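Report on the structure
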Amino acid sequence: MDFALTDDQRAIQDAARAFSDAELAPHSARWDEDKHFPVNVMRQAAEMGFCGIYTSEEHGGMALGRVEAALIFEELSRGDVATAAFISIHNMATSMIDRFGSDDLRGRFVPSLVTMDRIASYCLTEPGSGSDAAALRTTAVRDGDHFVLNGSKAFISGAGTSDVYVVMVRTGGEGPKGVSAIVVEAGTPGLSFGAQEKKMGWNAQPTAIVQFDDCRVPVANLLGEEGAGFRYAMAGLDGGRLNIAACSLGGARLALETAQAYVATRKQFGKPLAEFQALQFRLADMATGLEAARLMVLRGAWAIDNDHPEKTKWCAMAKRLATDACFQIADEALQLHGGYGYLKDYPLERIVRDLRVHRILEGTNEIMRVIIAREMTK
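Here the structure is a predicted model, which is why all the values come from computation and not from measurement.

Observations concerning the pattern of salt bridges
- As enumerated under the stated definition, the model contains 28 salt bridges in all.
- Between D14 and R17 there is a salt bridge; the shortest N-O distance is 3.2 Å. Note that D14 and R17 are positioned in helix 1 (residues 7-24) at a spacing of three residues, about one turn of the helix.
- According to the relative accessible area criterion, R17 is partly exposed, its value standing at 27%.
- Shared partners join several salt bridges into a network, and the residues in it are D14, R17, D21, E74, E75, R78, R253, E257, E291 and R294.

Looking at the environment of R253
- Tracing the backbone shows R253 in helix 7 (residues 229-265).
- Classification of R253 as buried rests on a relative accessible area of 12%.
- Apart from the residues within four sequence positions on either side, R253 is in contact with R17, E74, E75, R78, L290 and R294.
- Side chain to side chain, R253 and E75 meet in a polar contact 3.1 Å long.

Some details on helix 5 (residues 81-100)
- Between its first and last C-alpha, helix 5 extends 28 Å over 20 residues, near the 28 Å set by a 1.5 Å rise per residue.
- Among the 20 residues of helix 5, 19 are classified as buried, and the element is accordingly described as predominantly covered.

Re the UniProt feature "domain: Acyl-CoA dehydrogenase/oxidase N-terminal" (unreviewed entry) in the protein
- Annotation from UniProt places "domain: Acyl-CoA dehydrogenase/oxidase N-terminal" (unreviewed entry) at residues 6-116.
- From the first C-alpha to the last, residues 6-116 spans 28 Å; its make-up is 72% helix and 0% strand.

Remarks on helix 6 (residues 103-114)
- Its 12 residues give helix 6 an end-to-end C-alpha distance of 16 Å, which sits within 8% of 16 Å, the value for a rise of 1.5 Å per residue.
- Residues of helix 6 that are buried include every one of L105, R106, F109, V110, S112, L113 and V114, and no others.
- Elements that come into contact with the buried residues of helix 6 comprise helix 3 (39-47), helix 5, strand 1 (120-123), strand 4 (164-170), strand 5 (179-185) and strand 8 (222-223).
- Taken from the residues just after helix 6, M116 is the one with a positive phi, measuring 60°.

Structural notes on a nonpolar patch on the surface
- Together, M1, F3 and L295 give the surface a local cluster of nonpolar side chains, amounting to about 430 Å² of exposed area.
- Along the chain, the position of F3 falls in the segment before helix 1.

Considering the side chain of E349
- Relative to the helices and strands, E349 resides in helix 10 (residues 348-356).
- Taking relative accessible area as the criterion, E349 reaches 11% and is therefore assigned buried.
- Polar contacts involving the side chain of E349 include one to the side chain of R353, which spans 2.8 Å.
- In contact with E349, not counting residues within four places along its chain, are L334, G341, Y342, L343 and K344.

Details of the packing of aromatic side chains
- Following the criterion strictly, the structure yields seven aromatic pairs and no others.
- Arranged with centres 6.5 Å apart and planes meeting at 55°, the rings of Y262 and Y340 form a pair that is tilted. You can see Y262 sitting in helix 7 and its partner Y340 sitting in the loop between helix 9 (311-336) and helix 10, a full 78 residues away along the chain.
- Overall, Y262 belongs to the buried group, its relative accessible area being 9%.

So, the environment of R374
- In this fold, R374 is placed in helix 11 (residues 365-377).
- For the pair R374 and K313, spaced 61 residues apart in sequence, the C-alpha separation works out to 9.0 Å.

Description of the nonpolar core
- Ranked by internal contacts, the top residues of the largest apolar core, which has 96 residues, are L76, I97, Y122, M168, L223 and V297.
- With 17 residues, the top contributor of residues to this core is helix 7.
- Ignoring anything within four residues of it in the chain, the contact list for L223 reads M96, I97, F100, G101, L105, V166, A181, I182 and Y232.
- Counting residues in hydrophobic clusters, the runner-up holds 19 residues, among them C123, F147, C215 and V219.

Thresholds, definitions, all that
Residues numbered from 1 in each chain as written. Predicted model: local features only at pLDDT ≥ 70, side-chain atom pairs only at ≥ 80, totals over all residues. Heavy atoms only, no water. Salt bridge = Lys/Arg side-chain N within 4 Å of Asp/Glu carboxyl O. Helix = DSSP H or I, 4+ residues; strand = E, 2+ residues; numbered from the N terminus. Buried < 20%, exposed > 50% of the residue type's maximum accessible area, 1.4 Å probe, protein only. Contact = heavy atoms within 4.5 Å. Polar contact = N/O pair within 3.5 Å; in protein donor to acceptor, adjacent residues only side chain to side chain. Expected span 1.5 Å × (residues − 1). UniProt positions renumbered as here; feature names shortened; annotations may be inferred. Patch = residues over 30% accessible without salt bridge, like charges linked within 9 Å, V, L, I, M, F, W, Y side chains within 5 Å. Areas by Shrake-Rupley, 256 points an atom, 1.4 Å probe, with all protein chains shown as cover. Phe/Tyr/Trp six-rings, centres within 6.5 Å; stacked < 30°, edge-to-face > 60°. Core = buried A, V, L, I, M, F, W, Y, C linked by side-chain atoms within 4.5 Å.

As structure tokens, this is what we get:
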């Protein structure tokens, strides 16, 4: 059992940290305030390979493992959680096309997604089916050499801005075996978007409903086999859950570092807060929780990289533990700042807002418990 990173992994981590410090951290507060989607900066991340992390080298990807992805997303999210999280979603959609698409589909889409000349969104959740994703109602009916899509997807990151939408649709009967995945391009007649959602956090990326009204998509845009879409979606979510957990690590790490600096200089009752043992203990617990969460994330990443039979369980455990623990760390850091933590002069309130949704998306933490318990009792 070796917990040390390789030289290559440390180099990747260092490169991600340098990019995050230079291109994300200085702008994160303004992006949040202005609700700005930093596409140009994400394209700079793509130049470093961060938009095709585990996509194959054939079409320009880095072909790295999930351990390397976790290291990258922790560093990027320390600079800006919302932007790092969107890069994660883009990677998930790109990887699904690369992994399950035909040679034609891969050739048409993957190269431009790896460079982020085109932006991708992942479309699974619907207004009436969130945690019960297999109950989705968006339909795709075959009509000659096209599928005709009708329905809607909710809470879609990038909606209205993205160029490519990987959409889970019902092509067959009820249940997961009736679900297929189709790639829909922006500008397709019948594709439209709702108003931008007004959110608590993740303001540096757009979120809206994606609507399909007799939207005609070529059969050639079917991803893999008809009826296999739910399996593809779940395979993508194993890694997506780890990415979001890693994004929680970065936000919590910044929160802890900010709190450490604050208590070292802030004085009350004639001495720095750092000299009060009660606060020292709270910092110790925060640091321990962060390290425990990181170890769980890396174990889940190792499980995917090694195709471990319990990889889905380990990923669910990592997502549940890390997103809960990291949100608590950020909240504790805000509390240690007192009233100052509630102000936008410090990053704490933004981190708390951004990390809160990580306990909901990519499968709620309640669903993570269902997955874990199911694996334990089967």
